[in-house]
Amino acid sequence: MKEITLQIKFTEYEATAQLPEKDNILIMKARDAAKNAYAPYSGFRVGAAVLLGNGKIVTGNNQENAAYPSGLCAERTAMFYASAQYPNVPIIAIAVSTLNHSATPSDIAKPCGACRQVMAEYEDLAGKPIRILLDSTNKIFALNGIDSLLPLRFKKEDVK
Ligand code: THU
């Protein structure tokens, strides 16, 4: 028997100004996208912006439904749209922002498990770590690769 520890790694920035320009643009797009979320049930608006290998930026936001499970998170809305419009174009980076009930930026955006699994799929397809930017009012977390968000994950090689 042995105990195994997995480490995750990310960088915390105190302000968007500390980030590279490309990251900043993506964060601003995610913040903008959050404003258009359809979230009448939770009041929690989330926006996501995806940078693709062809330079395009695709955005999405959460889409809720009276039948609750029929809704979809911002991250998957953006990633699925990106893959639907630009099949086989790798995802380079994704930024996620949230707005709380009073329409002010919320605490660090933390993607749900299902969205992490979907990011993992596209990272495996791209063959390169996706840059993940988790936004909030007063800090930003930057992660290079899904392993820091979803360690010990299920992969397509596991389907045998
Ligand atoms: N939500 C997202 O869009 N992304 C996340 O990372 C977490 C949660 C949405 C789902 C639902 O519409 C609302 O936020 C409250 O859970």
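Quick note: structure is the one above.
Residues numbered from 1 in each chain as written. Predicted model: local features only at pLDDT ≥ 70, side-chain atom pairs only at ≥ 80, totals over all residues. Heavy atoms only, no water.

**Q** Can you help me understand the site of the ligand in this one?
**A** Lining the immediate surroundings of the ligand are Ser 42, Phe 44, Val 46, Asn 62, Glu 64, Cys 73, Ala 74, Glu 75, Lys 110, Pro 111 and Cys 112. Here an oxygen atom of the ligand and a side-chain polar atom of Glu 64 are 2.5 Å apart. In this structure, an oxygen atom belonging to the ligand sits 2.9 Å away from a main-chain N or O atom of Ala 74. For the ligand, whose accessible area on its own is 370 Å², the fraction buried by protein is 74%. For the shell around the ligand, the residue count by class is 6 nonpolar, 2 polar and 3 charged. (Near = heavy atom within 4 Å. Polar contact = N/O pair within 3.5 Å; in protein donor to acceptor, adjacent residues only side chain to side chain. Areas by Shrake-Rupley, 256 points an atom, 1.4 Å probe, with all protein chains shown as cover. Nonpolar A, V, L, I, M, F, W, Y, C, P; charged D, E, K, R; others polar.)

**Q** I keep staring at the sheet that holds strand β6 (residues 140-144) and nothing clicks. Help me out?
**A** Taken in spatial order, the 6 strands make up an open sheet running β1-β6-β5-β4-β2-β3, and their pairing is mixed. One side of each edge strand has no neighbouring strand; the edge strands of this open sheet are β1 (11-13) and β3 (57-61). Averaged over all pairs of adjacent strands, the angle between their axes in this sheet comes to 15°, without regard to strand direction. With 4 bridges joining them, strand β4 (residues 91-99) and strand β5 (residues 131-134) adopt parallel strand pairing. (Pairing = 2+ DSSP bridges. Helix = DSSP H or I, 4+ residues; strand = E, 2+ residues; numbered from the N terminus. Axes fitted to C-alpha atoms, helices over the stretch in contact; angles between N-to-C directions.)

**Q** Help me understand the nonpolar core, please; the structure alone is not making it clear to me.
**A** Looking at soluble globular proteins, one finds that nonpolar side chains tend to be buried together. Among the nonpolar cores identified, the biggest contains 26 residues, and Val 50, Met 79, Ile 94, Ile 132 and Leu 134 are the most heavily contacted of them. Where this core is concerned, the elements lending two or more residues are β2 (45-52), α2 (74-85), β4, α3 (113-126), β5 and β6. With sequence-adjacent residues up to four places away left out, Met 79 is seen in contact with Val 50, Ile 91, Ile 94, Cys 115, Val 118, Met 119 and Tyr 122. One finds Leu 26, Ala 30, Ala 93 and Ala 142 within the second-largest nonpolar core, a separate group that totals 12 residues. (Core = buried A, V, L, I, M, F, W, Y, C linked by side-chain atoms within 4.5 Å. Buried < 20%, exposed > 50% of the residue type's maximum accessible area, 1.4 Å probe, protein only. Contact = heavy atoms within 4.5 Å.)

Coordinates in, geometry out; function isn't part of it.
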